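# Summary of structural features
So you can see what is in the structure, the chains are spelled out below.
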Amino acid sequence: MSAPVSYERQGSVAVITVDNPPVNALSVDVRKGLLESVIRGASDAAVTAMVILGGGRTFIAGADIREFGKPPAPPGLHEVLDAIEASPKPVVAAIHGTALGGGLEVTLACHYRVAVPSAQVGLPEVKLGLLPGAGGTQRLPRIIGAEAALKMIVSGDPVRADRALALGIVDEIVADLRAGGVAFAEKVVAERRPLKKVSASDEKLAPARSNPAPFDEFRRSIAHQARGFLAPYKCIEAVQAAVRLPFTEGLTRERELFRECLESPQSRAQIHAFFAEREATKIPDVPRETAVTAIKTAAVIGAGTMGGGIAMNFANAGIPVTVVETAQEALDRGLAVVRKNYAATVEKGRLSQADMDRRLGLITGTLDLGAVREADIVIEAVFEEMAVKKEVFARLDAVARPGAVLATNTSTLDVDEIASATTRPGAVIGTHFFSPANVMRLLELVRGAKTARETIATAAELARRIGKVWVLAGNCDGFIGNRMLHGYLREAEFLLEEGATPQQVDRVIYDFGLPMGPFAMGDLAGLDVGWRIRKGKAHLRRKDLRHSPVADRLCEQGRFGQKTGAGWYRYEKGNRTPVPDPEVEKVIEQSAREQGITRRSIGDDEILKRCLYPLINEGARILEEGIALRASDIDVTYIYGYGFPRYRGGPMFWADTLGLKSVCDDVVAFHTAHGEPWTPAPLLVRLATEGKGFRDYARP
Ligand code: 3H9
């Protein structure tokens, strides 16, 4: 392997190139190479200035995350940055691609920064449960002021080169990376510009020094979004240290806070989530080079809530989409909802009117199924009933062009049976969007027994284009996400009959970090949907197992949730706040009496375990059956599809942090107390007995 950092001279400028694919992360060899190169440039008599740039597609994407948790190998990044800033000759960073985290921190230690127009810079450490730990929280506020720095550091979002120029993060935009960087360095030398050491300039901190109040305001402003997270608050503390303390003391404080974050379970969980998301896209028998169908046009069957949301995904990505309905009224209603959704985004200032018009212009409604003839992908989003779906697929088979992908948005039905209605089951795949489909990031791709590799690769490429995080699931009732949810909801309802209240269960789940508990969630989604599914499957229900009739009885009273003003809670007109309802309590008590259940006071710890351990137990089955390829895929599904707190890493990672022995012991105890539904999954028992975690499991 060639050296990850090269040094060469172009005239009197030393060009130092970091070449450590894929993203030039600051591994120990890169740190060594950078340090040696800067020392060499400083002592090379023929050199008057240095330029640091990235080889390949990007500048430096940050510290090498894979090194975290291993014993630190010298030189540390601080040592490298000290050498850069202390260089007696100007050092210029020339940025392309992304300068992120430690990568941006390298540039902030340089005396000047230039960037090509497409470059982006940012400090995304917070997304990994960390804070910039190599001076970023001390230097950035000294360039752009504390308030702007807080926004960048706490959001972790990158800014584009033009914005970086406006903020003063970069000094000049250059057309050509290397030539522009070298020319800029020569100009600095020719004009005898000073060595701009960011650490030595304090003027930008003056406003925050005279008025520190905005820090508290900022804390309040992120309270909702950052609920439960540690790192955003540590980031604020670090920026506050930049304002309060001299540079070197601020740096020491930053280092302490960085260490606190790094050693927290939260950063381990968030780093797990980072890699899990990337791992999920690797399908062993569908290599990256698998042929894909180019998606130029799409069609969606059904203009309901899901169909409309799915169509918006295409339009947002610039893909023309035809929405097919059976009745004009339903089509008009569906398209009106789409228009309303876009208008609301425009109103919030997150979309321009011109963009809204452009996107709406890409969506065409029709009553003619023949219009799907041109589509490269058709996504069916009709009523969740097998007979209806099969009829649609038989008709699609007759009209869709050869090579088109035929996808179903079913959330529970058998993809193979749907595919059997066609003559081309290889082209059929499940694309399970989550509601609202235009907002939720997760897309569960469901592989049928005959789904072709090209179909999977095409659907995956589409997912990437429309900005979804995707996971591949095998075909079974509920796939990964909804199959696991079944036990969660079952236990939540049983807990009510045993003595808990909807508000207690919801509070426990909310405090754990999910956006909402099961009952508030049910009221939001609408209780009639589950009621309909339960009625459809009533003949399959085992009479020998406990069943809670409470949800059905609420529906029988017309309580469908928020939309009818009452469900598990009641709602004041125009207000979405759930209000506990004695009427619901009566239904629960009645049901408990009928089943001979003596209600008792139930502790929060039991509620948490009874609700969340079914996810783990069922997750273990899903893993062993190969419905999910890896435990981390289940974590991705739950983080992006169900709001499982990212700082806990997903249900399977969380189980590993608890220790599978302890989880398994509780599952066994619940099995003894509550019977068959709690039968411990064989894989859970095996791993627990062997002292292993889900992370150690690889399917044979
Ligand atoms: C930090 O800097 C701390 C400092 O403040 C303090 C230190 C003292 N390390 O995403 P992709 C891998 S914390 C190791 O698919 P893209 C990634 O896993 C860091 N590996 O590509 C994948 O591997 P594989 C702050 C990394 O083009 C491959 O590279 N920086 C790292 O869609 C390609 O990645 C960040 O948080 C890394 N830092 O996106 C930036 N980054 O092929 C994190 C990536 O085996 N990275 N990999 O699956 C990103 O946001 C995106 O990767 C990036 C490229 C935008 C750079």
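None of these values were measured; they are calculated from a predicted model.

### What to know about the packing of aromatic side chains
Counted according to the given criterion, the structure contains 13 aromatic pairs. On the basis of an interplanar angle of 70 degrees and a centroid distance of 6.3 Å, the ring pair of F68 and F258 is categorised as edge-to-face. Pair noted here: F68 is in the loop between β3 (49–54) and α2 (77–86) and F258 is in helix α11 (residues 247–262), with a separation of 190 residues, a long-range link. A relative accessible area of 26% places F68 in the partly exposed class. A residue is classified by how much of its surface remains accessible, and F258, at 16% relative accessible area, is buried. Taking 4.8 Å as the distance between ring centres and 70 degrees as the angle between the ring planes, the aromatic pair formed by F512 and W654 counts as edge-to-face. Here F512, found in helix α20 (residues 502–512), pairs with W654, found in helix α27 (residues 651–658); they are 142 residues apart in sequence, far enough to count as distant. The two residues F512 and W654 agree in class, both being buried. Chaining the aromatic ring pairs together yields one cluster made of F512, Y613, F644 and W654.

### A few points about the site of the ligand
In the vicinity of the ligand, 26 residues are found, and the nearest of them are R57, E105, E125, R278 and K282. At a separation of 2.7 Å, an oxygen atom of the ligand approaches a polar side-chain atom of E105. One nitrogen or oxygen atom from the main chain of G133 is found 3.0 Å from an oxygen atom belonging to the ligand. Here the ligand loses 75% of its free accessible area of 1,000 Å² to cover by the protein chains. Of all the secondary structure elements, the ones that give two or more residues to the shell around the ligand are α3 (102–109) and α12 (265–279). It is α12 that provides the largest number of residues to the shell around the ligand, a total of 3 residues. Taken together, the residues of the shell around the ligand break down into 15 nonpolar, 4 polar and 7 charged.

### A short note on the pattern of salt bridges
The tally for this structure, following the rule as stated, stands at 59 salt bridges. Across the pair R464 and E461 runs a salt bridge, and its minimum N-O distance is 2.9 Å. Taken together, the residues span about one helical turn, with R464 and E461 both in helix α18 (residues 453–465) at a distance of 3 residues. Of the residues examined, E461 reaches a relative accessible area of 29% and is grouped as partly exposed. If you follow the salt bridges from partner to partner, you end up with R490, E491, E497, E498, R546, R600, E606 and R610 in one network.

### Considerations on the sheet that holds strand β5 (residues 98–100)
Taken together, 3 strands build an open sheet; the order of strands is β5-β7-β8 and the sheet is mixed. For this open sheet the edge positions go to β5 and β8 (159–160), each flanked by a neighbour on one side alone.

### Details of the sheet that holds strand β2 (residues 13–18)
Hydrogen bonds between backbone groups are what pair the strands of a sheet, and the pairing can be parallel or antiparallel. The 6 strands are arranged β1-β2-β3-β4-β6-β9 in an open sheet whose pairing can be described as mixed. Unpaired on one side and paired on the other, β1 (5–10) and β9 (172–173) mark the two borders of the sheet. Bridging between β2 and β3 involves 6 bridges; their strand directions are parallel. Bridged to I16 within β3 is I52. The sheet contacts of helix α1 (residues 28–43) involve β1, β2 and β3, and relative to β1 the element is tilted by about 25 degrees.

### Quick notes on the packing of α12 against helix α26 (residues 631–642)
Running from N to C, α12 and α26 point in directions that differ by 105 degrees, and their axes come no closer than 9 Å. Judged on the interaxial angle alone, α26 and α12 are roughly perpendicular. Residue-level contacts link H272, A273, A276 and E277 of α12 to S632, D635, V636, I639 and Y640 of α26.

### Some thoughts on helix α21 (residues 518–525)
Burial in α21 covers these residues: P518, F519, A520, G522 and D523. Tucked into the core, α21 has its buried residues touching α19 (481–498), α20 and α22 (527–536). After α21 finishes, the residue G526 shows a positive phi value of roughly 105 degrees.

### Describing the layout of surface pockets
Within this model, the second largest pocket holds a volume of roughly 190 Å³. Lining the second largest pocket are H111, R113, R142, I143, G168, D171, K196, K197, V198, S201, E203 and K204. Looking at the lining of the second largest pocket residue by residue, the classes come out as 2 nonpolar, 3 polar and 7 charged.

### Side note on the domain arrangement of the protein
Under the domain assignment used here, the protein contains domain 1 (5–263), domain 2 (298–480) and domain 3 (482–626 + 659–696). Each of domain 1 and domain 2 was reduced to a C-alpha centroid, and the two centroids are 43 Å apart.

### Overview of the nonpolar core
Formed by 94 residues in total, the largest nonpolar core has its most connected members in I480, V505, W568 and F694. In terms of residue count, the dominant contributor to this core is helix α25 (residues 604–625) (10 residues). In contact with V505, other than residues within four places in its own chain, are A492, L495, L496, A500, P518, F519, I607 and C611. In terms of nonpolar packing, the next biggest core, distinct from the first, is built from 87 residues, I16, V30, L128 and F215 among them.

Rules used in this analysis
- Residues numbered from 1 in each chain as written.
- Predicted model: local features only at pLDDT ≥ 70, side-chain atom pairs only at ≥ 80, totals over all residues.
- Heavy atoms only, no water.
- Phe/Tyr/Trp six-rings, centres within 6.5 Å; stacked < 30°, edge-to-face > 60°.
- Helix = DSSP H or I, 4+ residues; strand = E, 2+ residues; numbered from the N terminus.
- Buried < 20%, exposed > 50% of the residue type's maximum accessible area, 1.4 Å probe, protein only.
- Near = heavy atom within 4 Å.
- Polar contact = N/O pair within 3.5 Å; in protein donor to acceptor, adjacent residues only side chain to side chain.
- Areas by Shrake-Rupley, 256 points an atom, 1.4 Å probe, with all protein chains shown as cover.
- Nonpolar A, V, L, I, M, F, W, Y, C, P; charged D, E, K, R; others polar.
- Salt bridge = Lys/Arg side-chain N within 4 Å of Asp/Glu carboxyl O.
- Pairing = 2+ DSSP bridges.
- Contact = heavy atoms within 4.5 Å.
- Axes fitted to C-alpha atoms, helices over the stretch in contact; angles between N-to-C directions.
- Parallel < 35°, antiparallel > 145°, perpendicular 65-115°, else oblique.
- 1 Å grid on protein atoms, 1.4 Å probe; cavity = no way out; pocket = protein on both sides within 12 Å on 5 of 7 lines; lining within 4 Å.
- Points joined across faces, edges and corners; volume = space filled by probe spheres on them.
- Domains from an automatic or database assignment.
- Core = buried A, V, L, I, M, F, W, Y, C linked by side-chain atoms within 4.5 Å.

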